[in-house]
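# Results of the structural survey
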Amino acid sequence: MKALLWELNLRPQRVSVLFQPVRDGPAHAPGPAPSTTSSSVKVQPLPQAAPPPPAYIPNPSPARPPAPSPAPVTPSPAPFLPVARGVAQRAERFAASSRTPLCSACNSVIRGPFLVALGRSWHPEEFNCHYCHVSLADVSFVEEQNNVYCENCYEEFFAPTCARCNTKIMGEVMHALRQTWHTTCFVCAACGKPFGNSLFHMEDGEPYCEKDYVALFSTKCHGCDFPVEAGDKFIEALGHTWHDTCFVCAVCHVNLEGQPFYSKKDKPLCKKHAHAINV
């Protein structure tokens, strides 16, 4: 009876070699599941106009003898650096000085205190919200389509809505899955960490970071326990998936790809070691 069972257990088998199709996504997208997609996240700063600082016009005054010590001169504002769409800014106040800039609103010379915002100069009374006309001299403002708005008007008319928390997004906007998100709201469904600019994978409609996706959904090789990644050559045998280089005889480690093999204790064996005892 024992001899008969031994013969049944050592029946020769053959294995077929499969090639896993390469799916769209990053080069390191693991797992052969056909329904899984990979994507990438980018924090997208939207375009913003940034005109150069205006030229300054000297203040005309009658000729007079030189003063013993020159009066202090207000320095020119630093070059304007554009910011991401939706970021609130503040105008900087400058006192009246011997230099008189042009107002960006009325294009007239400013003879007195002035504001500097967006790399341009303004009469304080003319730096107002484009929609509600509230003064922006001492409050935060947001630039949109070459106009300035108070935060309330920008939020009402321009700010996108976050797909997760359903509130308006002021500042950086993340675009993913054809929706907009706060950068802190688009997170891995497993660990809850924001993606930032890193890759993510979709599974059952939920986004996962690379680490959690591999741990939860990837197909692992029965021989080395590492994931079988997209494009890898693999073998399905003995109810498991193997890298083609990992499907070897458990005794002599000869590669069994495309070769008859025997099995004992769920381990593949070549013909020479089919009757090996210590496996």
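Residues numbered from 1 in each chain as written. Predicted model: local features only at pLDDT ≥ 70, side-chain atom pairs only at ≥ 80, totals over all residues. Heavy atoms only, no water.

Within an unreviewed UniProt entry, the label attached to the chain reads LIM zinc-binding domain-containing protein, and the organism entered is Poecilia mexicana. As its UniProt record puts it under Subcellular location (unreviewed entry), the chain is described as follows: "Cytoplasm". (UniProt positions renumbered as here; feature names shortened; annotations may be inferred.)

This part takes up the environment of Pro124. Residue placement: Pro124 occurs in the loop between β8 (120-122) and β9 (141-144). Considering only alpha carbons, one finds Pro124 and Ala137, 13 residues apart in sequence, at a separation of 5.9 Å. In this view, Pro124 contacts Arg93, Pro113, Phe114, Leu115, Ser135 and Ala137; residues no more than four positions away in its chain are not counted. (Helix = DSSP H or I, 4+ residues; strand = E, 2+ residues; numbered from the N terminus. Contact = heavy atoms within 4.5 Å.)

Formed by 18 residues in total, the largest nonpolar core has its most connected members in Ala117, Phe127, Leu136 and Phe141. Here the element with the most residues in this core is strand β10 (residues 147-150); it accounts for three residues. If we ignore the near neighbours within four places in the chain, the residues touching Phe127 are Ala91, Leu115, Ala117, Trp122, Val134, Ser135, Leu136, Ala137, Phe141 and Val148. (Core = buried A, V, L, I, M, F, W, Y, C linked by side-chain atoms within 4.5 Å. Buried < 20%, exposed > 50% of the residue type's maximum accessible area, 1.4 Å probe, protein only.)

The three strands lie next to each other as β5-β7-β8, forming an open sheet whose pairing is antiparallel. Each edge of the open sheet is held by one strand with a lone partner, namely β5 (92-94) and β8. Here the average twist between neighbouring strands, direction ignored, is 35°. (Pairing = 2+ DSSP bridges. Axes fitted to C-alpha atoms, helices over the stretch in contact; angles between N-to-C directions.)

Attention now moves to the side chain of Asp212. Structurally, Asp212 can be placed in helix α3 (residues 210-217). For the buried Asp212, no salt bridge is present, and the opposite-charge side chain at shortest range is Lys211, 6.3 Å distant. What Asp212 contacts, discounting residues up to four positions off in sequence, is Cys188, Ala190 and Cys191. (Lys, Arg positive; Asp, Glu negative; His and termini not counted. Salt bridge = Lys/Arg side-chain N within 4 Å of Asp/Glu carboxyl O.)

Enumeration according to the criterion identifies 14 aromatic pairs in this entry. Summarising the aromatic geometry, the rings of Tyr208 and Phe217 are spaced 4.9 Å apart at their centres and angled 70° between planes, so their arrangement reads as edge-to-face. Grouped by ring-pair contacts, the aromatic residues Trp181, Phe186, Phe195 and Phe200 constitute a single cluster. (Phe/Tyr/Trp six-rings, centres within 6.5 Å; stacked < 30°, edge-to-face > 60°.)

With that out of the way, let us pick up unusual backbone geometry. Positive phi values are uncommon outside glycine, yet Asn166 reaches one of about 60°. Even without being a glycine, Leu238 presents a positive backbone phi close to 55°. Tracing the sequence through the fold places Leu238 in the loop between β15 (233-237) and β16 (240-243).

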